[in-house]
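# Structural features, examined
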Amino acid sequence: MKILVPVKRVIDYNVKVRVKPDQSGVELANVKMAMNPFDEIAVEQALRIKEAGGAEEIVLVSIGPAQSQETIRTGLAMGADRGIYIEAGQDVEPLAVAKLLKAVVDKEAPGLVLCGKQAIDGDCNQTGQMLSALLGWSQGTFASGIEIAGDTAKIIREVDGGLEHISISMPCVVTVDLRLNEPRYASLPNIMKAKKKPIDALDAADLGVDTAPRLTLVKVEEPEARQAGIKVASVTELVDKLKNEAKVI
Amino acid sequence: MDFSLSEEQQAILDMAVDFGAEAIAPHALKWDEEEQMPREMLQAAAELGLAAIYVPEEDGGSGLTRLDATLVFEGLAMACPTISSFLSIHNMVAWMVSSFGSETLKDRHLAQLCSMQKIASYCLTEPGSGSDAAALQTKANRTNEGYNLNGTKSFISGAGFSDLYVVMARTGDESPGGISALMVENGIDGLSFGAQEKKMGWRAQPTAQVILDNCAIDADSLMGAEGEGFRYAMMGLDGGRLNIAAAALGGAQFAYEKALAYAKDRQAFGRSIDRFQSLQFKLADMHTSLDVARSYLRQAAWKLDNQTPDATRACAMAKRYVTDSCFQVANEALQIHGGYGYLTDYGIEKIVRDLRVHQILEGTNEIMRVIISRSILAERDQ
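So, here is what we can say about the structure in this document. (Residues numbered from 1 in each chain as written. Chains lettered and ligands numbered in written order. Predicted model: local features only at pLDDT ≥ 70, side-chain atom pairs only at ≥ 80, totals over all residues. Heavy atoms only, no water.)

### What about the packing of aromatic side chains?
- On inspection of all chains with the given rule, the structure shows seven aromatic pairs over all chains.
- Judged by centre distance (6.0 Å) and plane angle (85 degrees), the rings of Tyr185(A) and Phe19(B) are edge-to-face. Linking Tyr185(A) in the loop between β10 (172-176) and α5 (188-194) with Phe19(B) in helix α1 (residues 7-24), this pair reaches from one chain into another.
- Taking the centre distance of 3.9 Å and the plane angle of 10 degrees together, the rings of Phe100(B) and Tyr232(B) count as stacked. Of this pair, Phe100(B) sits in helix α5 (residues 81-100) while Tyr232(B) sits in helix α7 (residues 229-265), and the two are 132 residues apart along the sequence. Just as Phe100(B) is buried, Tyr232(B) falls in that class too. (Phe/Tyr/Trp six-rings, centres within 6.5 Å; stacked < 30°, edge-to-face > 60°. Helix = DSSP H or I, 4+ residues; strand = E, 2+ residues; numbered from the N terminus. Buried < 20%, exposed > 50% of the residue type's maximum accessible area, 1.4 Å probe, protein only.)

What follows is the structure, given as C-alpha cells:
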C-alpha cells in the first residue's frame with residue numbers, strides 16, 4: 001500500500017501572530033514557519049504503519065509557495081520516501097486544495113490518505129472531508145487511533161462525548177487528532193538522506209484545477225485585548241453583575 | 001561568501017534544540033543537583049545519530065562535518081552544557097575507534113558506541129600532567145597476551161559510569177612518540193575508580209580518577225599503531241575544542257535569553273528594568289558577544305573541515321575567545337537577574353558554574369594563547 005500525506009507550511013506554533021497593518025491578513029514576512037503540527041502527526045502515523053509492514057511507500061504532497069518544499073523536506077527527514085510539490089499562493093482555499101489532492105490521488109493511487117485534522121493557520125478543518133467526498137471514499141476524522149486490517153480501517157474518533165469507534169472500508173481518508181502519537185525527531189542520518197530524496201513538481205493548471213478563491217476576505221482583526229478584572233465587594237454585587245452586566249444568569 | 005546555514009544545517013540545529021528542550025532541559029537542574037544523568041537519555045540521543053556525529057556512514061555513524069557538529073553541541077547546550085559536553089567526549093572516542101581502530105576493535109565496540117549501548121570516556125590527563133599532556137607517566141608494558149597497564153588518570157568525565165576507556169599510556173620512550181592509545185573495558189581486573197570529585201559545575205557528569213593497577217588487556221585493544229597515541233590525541237583536540245566552545249555558546253545563549261525575558265518582567269523604580277540604559281547596554285554587549293563568537297566558531301569549524309593550514313590556530317582562537325566571552329555573557333545574565341540569579345531555581349548560576357570549566361579543559365585558555373602565538377611567530381619567521 002502507498003500512503004499519501006498532505007503537509008502544509010504554516011506559521012510556527014510558537015510564534016505570536018500579528019495582523020498586517022492593512023488588515024489584509026496575518027504578517028508572514030520574517031516569521032518562522034514550520035510544518036502544520038497535525039500534519040506532523042499524520043507523517044508519524046504513516047511511518048509507523050510502514051515500519052509495521054502495513055505500507056511500502058509514503059508520499060508527501062505540499063501545496064503553496066516555493067518554501068513549501070522545505071516542509072516536504074522536513075517530512076522526508078522524518079523518513080517519508082518522496083515528495084510532490086504543487087506551486088500555489090499561501091491562501092489556497094480548502095476546496096481547491098481538496099481538488100488538487102484528488103488529482104494527485106488519481107495519479108498516485110494510494111490506499112490511504114492521512115491528513116492533519118486541520119491546519120493551525122486557517123483552522124478550516126475541511127480539506128480531508130472534502131477530499132473524501134470528491135473521491136467517493138470513506139472518511140475517519142479526528143482520529144486518535146488507527147488500525148488497518150485488510151479492507152477495513154478501525155478508527156477511534158475523539159468526539160465531544162468521548163471516544164467513538166468506527167469501522168470504515170479502505171481506501172479511505174483519515175484526518176488525525178493531537179493525541180494519536182508523538183512525532184519523532186529527524187535523526188542526523190535521515191536529515192542528510194532527505195536531501196537525496198526526490199520532490200516532483202506539478203502545476204495546478206496542468207492538473208485542471210482552478211485555484212482562484214471563492215471567498216472574499218473582508219478584513220482580519222486582532223481579537224479584543226482582555227480587560228483587567230475588578231474586585232467585587234459583596235456576593236450581592238457579584239450576582240447583580242452576573243445578572244445585569246454579563247447577563248449569564 | 002555565504003554565511004547562512006544550509007537547509008540541512010538548519011534542520012540539524014533545530015533538531016538538537018528541540019531534542020534538548022524536551023529530553024534534557026526539564027531535568028537539567030535535577031541532574032545537576034543529584035550529580036547523575038540517565039543512560040536512557042543518552043541512548044535516545046544516540047538514536048538520533050548524536051553519539052557518532054562524525055563517524056562515517058559506512059561505520060554506522062552520521063557522517064557529518066565538524067561545522068555540523070558545532071550546531072549539534074550548541075543546540076544541546078541550550079538545554080544543558082554539561083550533557084552536551086559529555087556527548088562531545090563520547091563522540092571523540094567513537095571517531096577515534098572508527099578512524100584508527102583495527103577491524104577487530106571496530107567489530108568489538110563501534111556499533112555499540114554509535115548506539116551508546118557502550119558509553120565511552122577519554123583518559124589523557126594525569127595528576128602530574130595536564131597542560132603538559134605529553135609528560136604522562138601511565139605505563140603499558142608489553143606482555144605475551146597484550147599489555148599490562150599501570151598508572152592513574154585524573155579528571156576523567158564518566159569515570160565509573162562509562163563502559164569503555166581510551167587510555168593514553170606509554171609503550172615506548174619518554175617522547176610523545178612513546179605514547180599509545182589503548183581501549184580498556186569497565187569491569188576488568190585492576191581497573192578501579194577514585195571517589196567522585198566534588199565540582200563547581202558539570203555536576204551531572206561523574207568525574208573521578210581512573211586507576212590502573214596491573215590491568216591486563218589483549219593486543220587487539222591497541223588503537224592503531226604503537227607510538228601513535230599522542231598524534232591521535234592531538235588530532236582529536238582541534239575538533240574537541242570546537243565542541244567545547246559550541247557548548248559554551250549554547251549555554252550562554254540560554255542565559256542571555258533568560259536575562260532578556262527577565263529584564264522585561266522585572267520592575268524597579270516604577271518601570272521594567274529594560275527601560276534603564278545601563279541594562280540596555282549590557283544586553284547589547286551580550287548579544288554582540290554571542291553573535292561574534294558564533295560567527296568565528298563556525299569559521300574555525302569550516303577551516304578544520306577544509307583542512308586549511310591555519311585550522312589548528314583557528315580552533316585554538318575559537319576555543320579561547322568563545323569560552324571567555326560566553327562565560328562573561330553568562331555572568332552578566334546572572335547580574336541582570338540580581339539576587340534571583342544567585343538562586344539555583346533560576347537556572348542561571350548553574351550555567352555560570354558549568355561554563356567556568358570551558359576556560360580550563362580541552363587545553364586551558366592560556367595554552368590556547370601558547371598555540372596561537374607559537375603559530376603566528378613561526379609564520380613570521382619562516
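There is more to say after this.
### Things to note about the interface of chain B and chain A
- Contacts between chain B and chain A engage 17 residues on the former and eleven residues on the latter.
- In total, chain B and chain A occlude about 1,300 Å² of area from one another, counting both sides; carbon and sulfur atoms represent 68% of this.
- Among the residues chain B hides against chain A, the three largest losses belong to Glu7(B), Glu8(B) and Leu48(B). Together they make up 39% of the total.
- If you look at where chain B meets chain A, you find zero salt bridges. (Contact = heavy atoms within 4.5 Å. Buried area = accessible area lost by both parts, 1.4 Å probe. Salt bridge = Lys/Arg side-chain N within 4 Å of Asp/Glu carboxyl O.)

### Thoughts on the packing of helix α4 (residues 66-77) of chain B against helix α8 (residues 277-305) of chain B
Residue and element names in this part refer to chain B.
- Across the interface, α4 lies against α8 with an axial gap of 8 Å and an inter-helix angle of 145 degrees. Here α4 contributes Arg 66, Leu 67, Thr 70, Leu 71 and Glu 74 to the contact with α8, which in turn contributes Arg 294, Leu 297, Arg 298, Ala 301, Leu 304 and Asp 305.
- Grouping the constituent residues of the contact of α4 with α8 by class yields five nonpolar, one polar and five charged. (Axes fitted to C-alpha atoms, helices over the stretch in contact; angles between N-to-C directions. Nonpolar A, V, L, I, M, F, W, Y, C, P; charged D, E, K, R; others polar.)

### So, the sheet that holds strand β11 (residues 199-203) of chain A
Residue and element names in this part refer to chain A.
- Pairing within the open sheet is mixed, and its nine strands lie in the order β9-β8-β7-β10-β6-β1-β4-β5-β11. Of all strands in the sheet, those with a lone pairing partner are β9 (162-169) and β11, marking the two edges. Looking at each pair of strands side by side, their axes are set apart by 30 degrees on average, direction ignored.
- Two elements, strand β1 (residues 2-6) and strand β6 (residues 112-116), share two bridges in a ladder whose sense is parallel. Within the sheet, the bridge partner assigned to Ile 3 lies in β6 and is Leu 112.
- Sheet strands in contact with helix α4 (residues 127-135) are β6, β7 (138-149) and β10, and its direction is about 175 degrees off that of β10. (Pairing = 2+ DSSP bridges.)

### Looking at the side chain of Ser154(B)
Residue and element names in this part refer to chain B.
- Note that Ser 154 resides in strand β3 (residues 146-157).
- A polar contact of 3.4 Å, which involves the side chain of Ser 154, links it to the backbone oxygen of Glu 126.
- Each residue touching Ser 154, except ones within four places of it in the same chain, is listed here: Thr 125, Glu 126, Pro 127, Ala 208 and Gln 209. (Polar contact = N/O pair within 3.5 Å; in protein donor to acceptor, adjacent residues only side chain to side chain.)

### Thoughts on the pairing of strand β7 (residues 207-218) of chain B
All names here are of chain B.
- Bridge analysis of β3 against β7 gives ten bridges, and the strand direction is antiparallel. Note on β7: the bridge partner recorded for Leu 149 is Cys 215.
- Where strand β6 (residues 191-193) and β7 come together, three bridges link them in antiparallel fashion. Directly across from Leu 191, in β7, lies its bridge partner Leu 212.

### Quick look at the environment of Ala79(B)
Residue and element names in this part refer to chain B.
- Within the secondary structure, Ala 79 sits in the loop between α4 and α5.
- A residue is classified by how much of its surface remains accessible, and Ala 79, at 11% relative accessible area, is buried.
- The sequence separation of Ala 79 and Ala 44 amounts to 35 residues, and the corresponding C-alpha distance is 15 Å.
- The contact partners of Ala 79, leaving out residues within four places of it in the chain, are Gly 20, Ala 21, Ile 24, Ala 25 and Ala 28.

### Observations regarding helix α11 (residues 365-381) of chain B
Residues and elements named next belong to chain B.
- Here α11 contains 17 residues, and its C-alpha end-to-end distance of 24 Å stays within 8% of the 24 Å for a straight helix at 1.5 Å per residue.
- Along α11, the residues classified as buried are Asn 365, Met 368, Ile 371 and Ile 372. Projected onto a plane normal to the axis of α11, the buried residues spread over an arc of 110 degrees and lie on a single side. Within α11, the exposed residues directed more than 90 degrees away from the buried face are Glu 366, Arg 374, Arg 380 and Asp 381.
- In this structure, the buried residues of α11 make contact with α7 and α9 (311-336). (Expected span 1.5 Å × (residues − 1). Arc of directions from axis to C-beta.)

### Description of unusual backbone geometry
- In the segment running from Met170(A) into Pro171(A), the intervening peptide bond is cis, with an omega of -5 degrees.
- By the secondary structure assignment, Pro171(A) is in the loop between β9 and β10.
- In the Ramachandran plot, Trp202(B) falls in the positive-phi region, its phi being about 50 degrees despite a non-glycine side chain.
- Along the chain, Trp202(B) turns up in the loop between β6 and β7.
- By relative accessible area, Trp202(B) is classed as buried at 5%.

### So, the pattern of salt bridges
- Evaluated as defined, the whole model comprises 36 salt bridges over all chains.
- Between Asp12(A) and Lys32(A) there is a salt bridge; the shortest N-O distance is 3.7 Å. Of this pair, Asp12(A) sits in the loop between β2 (9-11) and β3 (33-35) while Lys32(A) is found in the loop between β2 and β3, placing the two residues 20 residues apart along the sequence.
- For Asp12(A), a relative accessible area of 7% translates into the label buried.
- Between Lys106(B) and Glu103(B) there is a salt bridge, with the nearest N and O atoms lying 3.9 Å from each other. With Lys106(B) and Glu103(B) both in helix α6 (residues 103-115) and three residues apart, this pair spans about one turn of that helix.
- Take Glu103(B): its relative accessible area is 54%, and that puts it in the exposed class.
- It is possible to trace a salt-bridge network through shared partners that takes in Lys2(A), Glu57(A), Arg82(A) and Glu108(A).

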